[in-house]
Amino acid sequence: MTDISKGIDWIIERLRHDQSPDGSWDYPFETGISTDAYTIILLRTLSINDEDLIQGLVKRIINKQEKNGAWKLFYDEGDGNLSATVEAYYACVYSGLIDKEDKRLMTAQKFILSKGGLEEVSMFTKIMLAITGQYKWPAYSLLPIEVILLPLNFPINYYSFSIFGRANLTPIMILTDKQFSIKTQYSPDLSHLYLQRNSKTEWSRSQDYRSLYSFIEEGVKSFLGFPEHLNQLALDRAKKYMLDRIEPDGTFYSYYSSTFLMIFALLSLGYKKSDPIITKAIAGIKSMQCEINGRPHMQYTTANLWNTSLISYSLQSAGVATSNEMVQKANQYLLERQHDKFGDWVVHNPRTMPGGWGFSDVNTINPDIDDTTASLRSLSRMVPAEAAAWERGINWVLSMHNDDGGWPAFERNTNSKLLQFLPIEKAEFLIADPSSADLTGRTLEFFGNYTNLSKDHTSIKQGVQWLLRNQGKDGSWYGRWGICYIYGTWAAITGLLSAGVPSNHSSIVKAVTWLHEIQNTDGGWGESCHSDSKKTYIPLNASTLTHTSWALDALISASKKPTSDIKRGITYLLESLEKEDWTTSYPKGQGMAGGFYIHYHSYRYIFPLLALSHYHKKFGT
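Residues numbered from 1 in each chain as written. Predicted model: local features only at pLDDT ≥ 70, side-chain atom pairs only at ≥ 80, totals over all residues. Heavy atoms only, no water.

Some thoughts on the overall build of the protein
Piece 1. Within the protein, the secondary structure is distributed over 24 helices and seven strands.
Piece 2. Its C-alpha atoms give the protein a radius of gyration of 24 Å, within 12% of the compact-globule value 25 Å for 621 residues.
Piece 3. Principal axes of the C-alpha set define a box for the protein whose edges measure 70 × 60 × 45 Å.
Piece 4. Counting all 621 residues of the protein, 62% fall into the buried class.
Piece 5. Relative to all contacts within the protein whose residues are 6 or more apart in sequence, the contacts with residues 24 or more apart total 74%.
Piece 6. Accessible area of the protein: about 23700 Å², with a carbon and sulfur share of 49%.
Piece 7. Charge separation in the protein, taken as the distance between the mean sites of 61 positive and 65 negative side-chain charges, equals 2 Å. (Helix = DSSP H or I, 4+ residues; strand = E, 2+ residues; numbered from the N terminus. Rg over C-alpha atoms; globule rule 2.2 N^0.38 Å. Buried < 20%, exposed > 50% of the residue type's maximum accessible area, 1.4 Å probe, protein only. Contact = heavy atoms within 4.5 Å. Areas by Shrake-Rupley, 256 points an atom, 1.4 Å probe, with all protein chains shown as cover. Lys, Arg positive; Asp, Glu negative; His and termini not counted. Charge placed at Lys NZ, Arg CZ, Asp CG, Glu CD.)

Notes on helix H18 (residues 458-469)
Piece 1. For H18, spanning 12 residues, the distance from its first C-alpha to its last is 16 Å, which sits close to the expected 16 Å at 1.5 Å a residue.
Piece 2. Among the residues of H18, those classed as buried are Ser 459, Ile 460, Gly 463, Val 464, Trp 466 and Leu 467. Projection of H18 onto a plane perpendicular to its axis shows the buried side chains occupying an angular sector of 160 degrees, all on one side.
Piece 3. Summarising the contacts, the buried residues of H18 are in contact with helix H15 (387-399), helix H17 (437-450) and helix H19 (485-498). (Expected span 1.5 Å × (residues − 1). Arc of directions from axis to C-beta.)

Details of the pairing of strand S2 (residues 289-292)
Two faces make up the sheet, and in a regular strand the side chains alternate between them.
Piece 1. Alternating positions in S2 separate cleanly, Cys 290 and Ile 292 being buried on one face and Gln 289 and Glu 291 remaining unburied on the opposite face.
Piece 2. Note: S2 against strand S3 (residues 295-298), four bridges, orientation antiparallel. Each bridged residue has a counterpart across the sheet, and for Gln 289 the counterpart in S3 is Met 298.
Piece 3. The loop that links S2 with its antiparallel partner S3 comprises two residues; one of these, Asn 293, has a positive phi angle of about 55 degrees. (Pairing = 2+ DSSP bridges.)

Quick word on the packing of aromatic side chains
Piece 1. Taken as a whole, this structure holds 43 aromatic pairs when the rule is applied.
Piece 2. Both rings, one in Tyr 158 and one in Phe 161, keep their centres 6.2 Å apart while their planes meet at 75 degrees; by these two values the pair is edge-to-face. Note on accessibility: Tyr 158 and Phe 161 belong to one class, buried.
Piece 3. What links up through ring pairs into an aromatic cluster is the set Phe 29, Trp 306, Phe 359, Tyr 487, Trp 490, Trp 550, Tyr 600, Tyr 603 and Phe 607.
Piece 4. It is Arg 377 that lies over the ring of Tyr 313; its NZ or CZ is 5.2 Å from the centre.
Piece 5. When the ring centre of Tyr 478 is taken as reference, the NZ or CZ atom of Lys 535 above it lies at 5.4 Å. (Phe/Tyr/Trp six-rings, centres within 6.5 Å; stacked < 30°, edge-to-face > 60°. Lys NZ or Arg CZ within 6 Å of the ring centre and 35° of its normal.)

Topic: unusual backbone geometry
Piece 1. Here the amide bond leading from Val 383 into Pro 384 is cis, since omega sits at 15 degrees, within 30 degrees of zero.
Piece 2. With respect to the secondary-structure elements, Pro 384 resides in the loop between helix H14 (369-379) and H15.
Piece 3. Residues Ile 483 and Cys 484 are joined by a peptide bond in cis, for which omega reads -15 degrees.
Piece 4. Mapped onto the secondary structure, Cys 484 falls in the loop between H18 and H19.
Piece 5. Phi at Gln 179 takes a positive value of approximately 50 degrees, unusual for a residue other than glycine.
Piece 6. In this fold, Gln 179 is placed in the loop between helix H7 (163-178) and helix H8 (207-224).

Re helix H13 (residues 325-336)
Piece 1. Look at H13: 16 Å from first C-alpha to last across 12 residues, which is about the 16 Å you get at 1.5 Å a residue.
Piece 2. Restricting attention to buried positions, one finds in H13 the residues Met 326, Val 327, Ala 330, Asn 331, Tyr 333, Leu 334 and Leu 335.
Piece 3. In this fold, the buried residues of H13 make contact with helix H1 (4-18), helix H12 (304-317), H14 and H15.
Piece 4. The opening residue of H13 is Asn 324, an N-cap whose side-chain oxygen sits 2.8 Å from the backbone nitrogen of Met 326. (Polar contact = N/O pair within 3.5 Å; in protein donor to acceptor, adjacent residues only side chain to side chain.)

Observations regarding the nonpolar core
Piece 1. Leu 15, Ile 61, Leu 129, Phe 264, Leu 315, Leu 515 and Leu 612 are the most contacted members of the largest nonpolar core, which has 196 residues in total.
Piece 2. In this view, Leu 612 contacts Ile 4, Gly 7, Ile 8, Ile 11, Ile 570, Leu 573, Leu 574 and Leu 577; residues no more than four positions away in its chain are not counted. (Core = buried A, V, L, I, M, F, W, Y, C linked by side-chain atoms within 4.5 Å.)

Overview of the pairing of strand S7 (residues 596-600)
Piece 1. Within S7, five of the five residues are buried, leaving the element largely enclosed by the surrounding structure.
Piece 2. Of the two faces of S7, the one holding Phe 596, Ile 598 and Tyr 600 and the one holding Tyr 597 and His 599 are both buried throughout.
Piece 3. Alignment of strand S1 (residues 29-30) against S7, held across two bridges, turns out to be antiparallel. Of the residues in S7, the one forming a bridge with Glu 30 is His 599.
Piece 4. In this sheet, S7 lies alongside strand S6 (residues 589-592) in antiparallel orientation, the contact comprising three bridges. For Gln 590, the partnering residue across the bridge sits in S7 and is Tyr 597.
Piece 5. A loop of three residues connects S6 with S7, the two strands running antiparallel in sequence, and Gly 594 in this loop sits at a positive phi of about 80 degrees.

As for the packing of H17 against H18
Packed helices, taken two at a time, are described by the angle their axes make and the gap between the axes.
Piece 1. As a packed pair, H17 and H18 sit with axes 10 Å apart at the nearest point and diverge in direction by 145 degrees. Considering the relative orientation of H17 and H18, their crossing is left-handed. Residues Ala 437, Thr 440, Gly 441, Leu 444 and Phe 447 of H17 pack against Ile 460, Gly 463, Val 464, Trp 466 and Leu 467 of H18.
Piece 2. Looking at side-chain class alone, the contact of H17 with H18 contains seven nonpolar, three polar and no charged residues. (Axes fitted to C-alpha atoms, helices over the stretch in contact; angles between N-to-C directions. Left-handed = near helix turned anticlockwise from the far one by under 90°. Nonpolar A, V, L, I, M, F, W, Y, C, P; charged D, E, K, R; others polar.)

Thoughts on the sheet that holds S1
Piece 1. What the three strands build is an open sheet, ordered S1-S7-S6; its pairing is antiparallel. With one partner strand each, in any of the chains shown, S1 and S6 form the two edges of the open sheet.

Topic: the side chain of Thr 170
Piece 1. Its location among the elements puts Thr 170 in helix H7.
Piece 2. In contact with Thr 170, other than residues within four places in its own chain, are Tyr 158, Ala 238, Tyr 241 and Met 242.

Comments concerning the pattern of salt bridges
Piece 1. By the definition in use, this model includes 19 salt bridges.
Piece 2. Its salt-bridge partner being Arg 44, residue Glu 51 comes within 2.9 Å of it at the nearest N-O pair.
Piece 3. Judged by its relative accessible area of 34%, Glu 51 is partly exposed.
Piece 4. A salt bridge links Arg 104 to Asp 102, with the nearest nitrogen and oxygen atoms 3.0 Å apart. (Salt bridge = Lys/Arg side-chain N within 4 Å of Asp/Glu carboxyl O.)

The analysis is restricted to geometry; functional conclusions fall outside its scope.
Printed below as a string of structure tokens:
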């Protein structure tokens, strides 16, 4: 395909074909095999014999195994990922469908032992293993559960953590406090996966953490005393925290991990397996199942609202009228899901009414900046008819501005430096919600291109200054929720330009130069998932549709005429629209560096459509 108009029309027709009857797009939110493995372990542990589902999940897991016996999180990860391999191995054995003497599992066992055995898996894998009786809980709590009782004016309190952190830490603290584990007569014995058979399985605990732990403990004592009944009070508070935040589908915040952990936390508190809360939570997890290449995949959450908001506004950017049935249905879907309930965000932002949007199909109390600005872009052409929804959304976004000038994802000012001393792997991704270049850039782009907010508005000026201060020496910006530097740089460039920063500003020029320098010989761009762990740009050594679209959109916005870089990128994009290979399934989103990556099936349509339509609108064919 070489014609821009034909490329745009091809994408629009694909999107028209894939829209659901309710107006949304339910493209998969694919996150590897961990959720598939955990589902098998959960169902077997609770004696829920959903054999068709278990069989399908085992087939999917085995299909993803590498020749050396390992499982990977992404194509160029190396020889494999230890934690993912342990999870896959455990699930396959526990399923009862594959014997541990099977050649495929024997090669997996060899890989696991070569990488240090169970002793070296991630903290979250250790927690799952401890819950199901395969690993010994540490003698100390990862975090004393009494921290949930500390007042907001204590330097570290429960709302110092991000909402994603609280969602996962709440059940973890209960489980650690109870030292809970559950096994069945069918539980496999994984002791052969320890490198040292008599290993103490001690969990790391640094001297820095001992000091912080003592600080928290002293705080609890000084504010509350430390009598026996406080432990029960904290457990009750933690339980209430979970139960008060169960979504209509029965999941805890509509996240797989927090729901999985909540189920076991409730069991540790004396709930029976047949309790309606637990059975509904399991049903909620099952409802997030999707199908990929004929096999089931348990999604970490659904991405319907995110997909729909992005697709709807990209369609409108490409010239599809707001009155078109496809857009009308999408916008009605979005309007029905604007939040009218207060969530945890109100703790740090108490003077604002609800008005944001969340990520998943069922999200009602956990809005975020990205979904809100994306939804508002889609609805912008419906003002003044939907003025009330519009004003509520804008007010919410403005109120969520961090004191440092940038925008977070979920909550204001939740980036305490003290939290870095907690013995929690990937803590910066789990328990902090700092300002980021992608969120700040896209928020500025929204205000600049879709509202009449003055460029001299305090929030816009502060957002611009935050981006200018946080640009990398090479000219790039780190993107928190995507892969990674191309993503952040795209958001920052388009945001700064929309906020009135001229294209000849030194910051923009430096960023454009960086994008030019990393363009591949085929005209495209591609970035490795290693970038997020290395905290520097790592090339993928191949081009992808999505990375190319981000880079192109940034260059188009900064250029007065179509440069050779842009023309080569457009050619790559048009020639690659229909291709299917490992680059089209390579993760473009991240949740936790080195541990959690996302393949958005919608991105191969959304971002090429935006780049092509912006080129067509600015430069013609």
